[in-house]
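# Architecture at a glance
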Amino acid sequence: MLQDFSWLATLADLSARRVPCVLVTVMEAKGSTPREAGTKMVVTADAQFGTIGGGNLEFEAMAEARQLLAAAISTATVKDYPLGPKLAQCCGGAVSVLLESFIPTGKKLYLFGAGHVGREVVAVLSALPVDIVWIDSRAAEFPAQLPVHCQRRLTSAPLAEVDNIDSNTYVLVMTHNHDIDYDIVRAVMQRGQFAYLGLIGSATKRARFEKRLTVDGISPDQLARLVCPIGVGGVTGKHPREIAIAVAAQLLSLGLTRSGTPDA
């Protein structure tokens, strides 16, 4: 247990390593209490960082935190603890504690294409708790530094990555080649497991792809799951950052960063 620690650095480290945790904060301290308002500690399933004063107060708060972790839902709750006979602490005061759980969603974004729009999508999402798998065959297109939650997959066989896609995966297809786009979209649809499948392009591109996909045995119900054009409505700009913001908004509205089942 660390007596002096940076709770923000601890949260950042646990987040980067995708470790579920609970931030425990003393919101209010009345009367004689072990620690003052604002004191924090971080609790994981098997570790504790910092302290809110020790004793049964801390034991009860840790037990409550681990119940939140067991529920595996990101949430916040307030608990009131009178210090006295109930907790076998002689302070005699009362403490209100805020417990905030941070649970990795288990969702991920597979981004095929490291061109202008792809780079902007990663930049827009870089500060959010999103696991990104970024796929391209062109090493020079990737930036020198990637966000901590982003994995680069440099490969001449992007279709092989489709085997790793599941029902928690959001897929964006925006490569430098229409035929590669088509092959990836077809493979993802044939696999059938994905939360979202977005293809960059116009309504005309979608119509061409739908004709080819129909010939290749993709059903109308499957075709209806393809999002093309991509992004929230009303954004008409063509700048890569504008497109990326519209696409990020769409992904977020569909639950990319939320726990639970992806939205339909």
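Just above sits the structure.
Summary of the structure given here.

Rules and cut-offs
- The residue numbering used here restarts from 1 in each chain and proceeds along that chain's sequence as written.
- Residue-level local features of this predicted model are given only where pLDDT is at least 70; pairs of side-chain atoms are given and counted only at 80 or more, and the full residue set underlies all totals for whole chains, interfaces and linings.
- Side-chain measures here rest on the full set of heavy atoms in the structure, leaving out hydrogens and waters.
- In summary, the pairing rule links any two rings of Phe, Tyr or Trp, Trp by its six-membered ring, whose centres are within 6.5 Å, and it sorts them by plane angle into stacked for under 30 degrees, edge-to-face for over 60 and tilted for everything else.
- Note on classification: 1.4 Å probe, protein chains only; a residue is buried when its accessible area is under 20% of the maximum for its type, exposed when over 50%, partly exposed between these limits.
- In our convention, an over-ring charge means Lys NZ or Arg CZ found within 6 Å of a ring centre and within 35 degrees of that ring's normal.
- Using protein atoms alone on a 1 Å grid, points that fit a 1.4 Å probe yet trap it form a cavity, whereas open point sets bounded by protein on both sides within 12 Å along at least five of seven lines form a pocket; residues with an atom within 4 Å of a point count as lining.
- Grid points are joined across faces, edges and corners, and a volume is the space filled by probe spheres set on the points.
- Each residue receives one of three labels: charged for Asp, Glu, Lys and Arg, nonpolar for Ala, Val, Leu, Ile, Met, Phe, Trp, Tyr, Cys and Pro, and polar for the others, Gly being one of them.
- Under the scheme used here, helices are H or I runs from DSSP no shorter than 4 residues and strands are E runs no shorter than 2 residues, and both carry numbers assigned from the N terminus.
- A strand pair is defined by DSSP finding two or more bridges across the two strands.
- Each helix should span, by expectation, one fewer than its residue count multiplied by 1.5 Å.
- Picture the helix axis, draw a direction to every C-beta atom, and the arc is the one those directions span.
- The criterion used for residue contact is that any of the two residues' heavy atoms lie within 4.5 Å.

## Some words on the packing of aromatic side chains
The final tally for this structure, using the stated rule, is four aromatic pairs. Measuring from ring centre to ring centre gives 5.1 Å for Trp134 and Phe142, while their planes differ by 80°; the resulting arrangement is edge-to-face. Residue Trp134 shares its accessibility class with Phe142, and that shared class is buried. Directly above the ring of Trp7 sits Lys40, whose terminal nitrogen or CZ lies 4.7 Å from the centroid. Directly above the ring of Phe142 sits Arg152, whose terminal nitrogen or CZ lies 5.4 Å from the centroid.

## What to know about empty space enclosed by the protein
If a probe the size of a water molecule is rolled over the atoms, the empty space left behind becomes visible. By the definition in use, this model includes one cavity of 30 Å³ or more. Volume-wise, the largest cavity comes out at about 30 Å³. Val122, Leu125, Ser126, Leu128, Val130, Ile132, Pro147, His149 and Cys150 are the residues that line the largest cavity. Taken together, the residues that form the lining of the largest cavity break down as seven nonpolar, two polar and no charged.

## Some points on the layout of surface pockets
Taken as a whole, the largest pocket encloses approximately 360 Å³ of empty space. Around the largest pocket, the lining comprises 22 residues; the ones closest to its centre are Ser15, Phe102, Ile103, Pro104 and Pro129. When contributions to the lining of the largest pocket are tallied by element, the ones reaching two or more residues are α1 (7–16) and β5 (94–102). Partitioned by chemical class, the residues of the lining of the largest pocket number 10 nonpolar, eight polar and four charged. Roughly 250 Å³ of internal volume is contained in the second largest pocket. For the lining of the second largest pocket, the residue count by class is seven nonpolar, four polar and two charged.

## Considering the sheet that holds strand β11 (residues 226–227)
Sheet architecture is open: six strands sit in the order β8-β7-β6-β9-β10-β11, paired in parallel fashion. Across the chains shown, the open sheet's two edge strands, defined by having one partner strand only, are β8 (150–154) and β11. Where strand β6 (residues 108–112) lies against strand β7 (residues 131–136), five bridges are found, and the strand directions are parallel. Within β7, the residue paired with Tyr110 across the bridge is Val133.

## Description of helix α5 (residues 203–215)
Relative to the 18 Å expected for 13 residues at 1.5 Å per residue, α5 spans 19 Å between its end C-alpha atoms, a close match to the ideal helical length. Within α5, the full set of buried residues consists of Lys205, Arg206, Phe209 and Leu213. Buried residues in α5, looked at end-on, bunch into an arc of 95°, giving them a common side. Away from its buried face by more than 90 degrees, α5 exposes Ala203, Lys211 and Val215. On its buried face, α5 sits against α4 (178–191), β10 (196–199), α6 (220–223) and β11. Of the residues one or two after α5, Gly217 is the one with positive phi, at around 90°.

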